[in-house]
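Below, each chain spelled out in residue letters.
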Amino acid sequence: SSGINAEYGGLKQRLVCLKVKSPVPMVTLEAIYRNDKVCGYVRRTAYGYSVGCNVAWGYVENPAGLTLDWIRSGTYKVECMGELYDAEMTLAAPFDPKNLRVKGDYSEDYFPLSDTTKQSAHL
């Protein structure tokens, strides 16, 4: 790479979005684990009704430098109220990452509804 990344040894942290399977509300500053080691902290969080789980934004860090492969290859968890919960990391928005809905395209289903709920919603 070139420019600032090469001159200063690459990126050390990156903002990621996590969909957290936690049954309890999150408040921020929860630890983010990658492959069972703390790699960052949650900065903002809210319940995502459109995706059916807590959504957290936080920075992950790697002193050796970050690459997209390093970020994507990890298994993530978030500590909430002393318990670890599985988290799905994404670099895109958790709902409508392709921006189709603002263009009037509703062809992709983003709602985490059960099959029964989906069937009754279409009746």
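Please refer to the structure placed before this passage.
Since the model is a prediction, treat every value here as computed from it, not as a measurement.

*Asks:* Can you help me understand the packing of aromatic side chains in this one?
*Replies:* Each aromatic ring pair is described using two quantities: the centre-to-centre distance and the angle formed by the ring planes. Tallied over the full model, the rule gives 1 aromatic pair. Seen in terms of ring centroids, Y47 and Y49 are 4.8 Å apart; in terms of plane orientation they differ by 70°. Their pairing is edge-to-face. Stacked on the ring of W70, the Lys or Arg R34 has its end atom at 3.9 Å from the ring centre.

*Asks:* I keep staring at the pairing of strand β6 (residues 83-90) and nothing clicks. Help me out?
*Replies:* Alignment of strand β1 (residues 13-20) against β6, held across 4 bridges, turns out to be antiparallel. What sits directly across from C17, in β6, is T90. Direction of pairing for strand β5 (residues 76-80) relative to β6: antiparallel, over a ladder of 5 bridges. When the sheet's bridge partners are listed, V78 is paired in β6 with Y85.

*Asks:* When you look at the side chain of N54 in this model, what are you seeing that I'm missing?
*Replies:* Assignment of secondary structure puts N54 in strand β4 (residues 53-61). Owing to a relative accessible area of 4%, N54 belongs among the buried residues under this scheme. In terms of polar contacts, N54 uses its side chain to reach the backbone carbonyl oxygen of V24, at 3.1 Å. Apart from the residues lying within four places of it in its own chain, the contact partners of N54 are L18, K19, V20, S22, V24, P25, M26, A46, Y47 and G48.

*Asks:* What's the story with the sheet that holds strand β2 (residues 31-34) in this structure? I'm lost.
*Replies:* Within a beta sheet, neighbouring strands are joined by backbone hydrogen bonds and run either parallel or antiparallel to one another. Pairing within the closed barrel is antiparallel, and its 6 strands lie in the order β1-β4-β3-β2-β5-β6. Taking the axes of each pair of neighbouring strands and ignoring which way they run, one obtains an average angle of 40° across the sheet. Pairing geometry for β2 and β5, over 3 bridges, is antiparallel. Paired with Y33 across the two strands is K77, which belongs to β5.

*Asks:* What is the right way to read the side chain of R34 from this model?
*Replies:* Mapped onto the secondary structure, R34 falls in strand β2. Nearest to the buried, unbridged R34 among oppositely charged side chains is D69, at 9.7 Å. Engagement of the side chain of R34 in a polar contact is seen with the side chain of S73, the distance being 3.1 Å. Beyond its immediate stretch of four places on either side in the chain, R34 contacts C39, W70, S73, G74, T75 and Y76.

*Asks:* Help me understand the nonpolar core, please; the structure alone is not making it clear to me.
*Replies:* Inside soluble globular proteins, nonpolar side chains tend to come together where they are buried. Core analysis: the biggest nonpolar cluster contains 18 residues, and L18, V20, V60, I71 and Y76 have the highest contact counts within it. Contributions of two or more residues to this core are made by β1, β3 (37-48), β4, α2 (68-73), β5 and β6. With residues near it in sequence (within four places) discarded, L18 still touches I32, N54, V55, A56, Y76, V78, A87, E88 and M89.

Conventions and cut-offs
- Residues numbered from 1 in each chain as written.
- Predicted model: local features only at pLDDT ≥ 70, side-chain atom pairs only at ≥ 80, totals over all residues.
- Heavy atoms only, no water.
- Phe/Tyr/Trp six-rings, centres within 6.5 Å; stacked < 30°, edge-to-face > 60°.
- Lys NZ or Arg CZ within 6 Å of the ring centre and 35° of its normal.
- Pairing = 2+ DSSP bridges.
- Helix = DSSP H or I, 4+ residues; strand = E, 2+ residues; numbered from the N terminus.
- Buried < 20%, exposed > 50% of the residue type's maximum accessible area, 1.4 Å probe, protein only.
- Polar contact = N/O pair within 3.5 Å; in protein donor to acceptor, adjacent residues only side chain to side chain.
- Contact = heavy atoms within 4.5 Å.
- Axes fitted to C-alpha atoms, helices over the stretch in contact; angles between N-to-C directions.
- Lys, Arg positive; Asp, Glu negative; His and termini not counted.
- Salt bridge = Lys/Arg side-chain N within 4 Å of Asp/Glu carboxyl O.
- Core = buried A, V, L, I, M, F, W, Y, C linked by side-chain atoms within 4.5 Å.

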